[in-house]
Amino acid sequence: VVMGNLKFDLRLPESLLAQGKRWRNTWLRPVVAIASTRDGEEVAFVRTVAAARSLPDNPLFLLIPRHPQRFDDVAAILAAAGAPYVRRSALAADARVPQQVRWVLGDTVGEMPAYYAASDVAIIGGSFADFGGQNLIEACAAGAPVIVGPYTRNFAQATEDALAAGAALRVPHATAAIIAAQQLIEDEAHRGRMAQAAGRFVAAHRGATQRAMAALAPWL
């Protein structure tokens, strides 16, 4: 019996969603999450944003490595590039981020729903180098339009379904992802449609847990 993907049944903690919305209201500018990045991807994104020099609306980029043991390595990448950044762990709960700061390094564990809830757009890491991609369902559940790269085999069906639903865009590389994110920031109507599509996409695929329990019921 094929019952669906259990990840769609995840309920994001309301406290973390509220925290992300508070950040968004405090930061007062567009926010792009570059989430669950893997080794080699951060350099590409940091260089792309640096090369862009000025971006309309001065978006704030949340750079959130997939593995905690790489937090210091990614901080070193930002520092080496001369990218103005702060660590999330150094920010008070409702602290403002200075306008000249372009990056927030997401060096905390367990706050991904808050990062997504704070974001206008989510770029999903692991899909811009050949790692197979990371979970895009959580970003969709938080209502964030999603951008993925070419490598999504780990979440192949979910990605294809999200693309078909209009909740996600696929681009070939980091530069294209930053361009697409900027275009979505500038096009509020398109961004809103994708956010609504993300919610519908997640809702349409819920129910795997209930189906699994029903299938197991004769043996329980």
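Everything below is about the structure printed above this text.
The structure reproduced in this document is the subject of the present report.

What counts, and at which threshold
- In every chain, residue numbers begin from 1 and rise along the written sequence.
- Totals for whole chains, interfaces and linings use every residue, but because this is a predicted model, local features are given only for residues with pLDDT of at least 70 and side-chain atom pairs only at 80 or more, for both listing and counting.
- To obtain the side-chain values, all non-hydrogen atoms of the structure were used and water was disregarded.
- Remark: nonpolar core denotes a set of buried residues (Ala, Val, Leu, Ile, Met, Phe, Trp, Tyr, Cys) joined through side-chain atoms within 4.5 Å.
- Each residue is placed in one exposure class: buried if its accessible area under a 1.4 Å probe, protein chains only, is under 20% of its type's maximum, exposed if it is over 50%, and partly exposed if it falls in between.
- In this analysis, rings of Phe, Tyr and Trp, with Trp reduced to its six-membered ring, are considered paired at centre separations within 6.5 Å, and the interplanar angle assigns stacked below 30 degrees, edge-to-face beyond 60, and tilted for intermediate values.
- Here a helix means four or more residues in a row that DSSP labels H or I, a strand means two or more in a row labelled E, and each is numbered from the N terminus.
- In this analysis a 1.4 Å probe is tested at points of a 1 Å grid over the protein atoms alone, and where it fits but cannot get out there is a cavity; an open set with protein on both sides within 12 Å along at least five of seven lines is a pocket; lining residues have an atom within 4 Å of a point.
- Grid points are joined across faces, edges and corners, and a volume is the space filled by probe spheres set on the points.
- The residue classification treats Ala, Val, Leu, Ile, Met, Phe, Trp, Tyr, Cys and Pro as nonpolar and Asp, Glu, Lys and Arg as charged. All others, Gly included, are polar.
- When DSSP finds two or more bridges between two strands, those strands count as paired.
- The path from the first strand over the helix to the second decides the hand: if it runs clockwise while the strands point away from the viewer, the crossover is right-handed.

**Focus on the nonpolar core**
Within the largest apolar cluster, 37 residues are counted, with the highest numbers of intra-cluster contacts made by W27, L62, Y116, I124, L136 and V146. In terms of nonpolar packing, the next biggest core, distinct from the first, is built from 28 residues, V32, I34, A75 and L184 among them.

**Looking at the packing of aromatic side chains**
For the structure on display, the rule yields five aromatic pairs. Ring geometry for F8 and F201: centres 5.2 Å apart, planes at 80 degrees, overall edge-to-face. One end of the pair, F8, is in the segment before α1 (14-27); the other, F201, is in helix α8 (residues 188-204), with 193 residues separating them in the sequence. Consider the rings of F61 and W103, whose centres lie 5.2 Å apart with planes at 35 degrees: the pair is tilted. On the criterion of sequence distance, the pair formed by F61 in strand β2 (residues 60-65) and W103 in strand β4 (residues 103-105) is long-range, its members being 42 residues apart. Residues F61 and W103 agree in their burial class; the two are buried.

**With respect to empty space enclosed by the protein**
By rolling a water-sized probe across the atoms, one finds the places where empty space is left. All told, the structure shown has three cavities of 30 Å³ or more when counted by the stated rule. Of the volumes computed, that of the largest cavity is approximately 40 Å³. Taken together, I124, G125, S127, G132, G133, Q134, V148, T152, F155 and T159 make up the full set of residues lining the largest cavity. Split into classes, the residues belonging to the lining of the largest cavity amount to three nonpolar, seven polar and no charged.

**Some remarks on the pairing of strand β1 (residues 31-37)**
Taken across its seven residues, β1 has seven buried, putting it largely inside the fold. In this structure, β1 lies alongside β2, joined through six bridges in parallel fashion. In the sheet register, V31 faces β2, and the bridge partner there is L60. Each parallel crossover has a hand, and the one from β1 via helix α2 (residues 41-52) to β2 is right-handed. Where β1 lies against strand β5 (residues 121-124), four bridges are found, and the strand directions are parallel.

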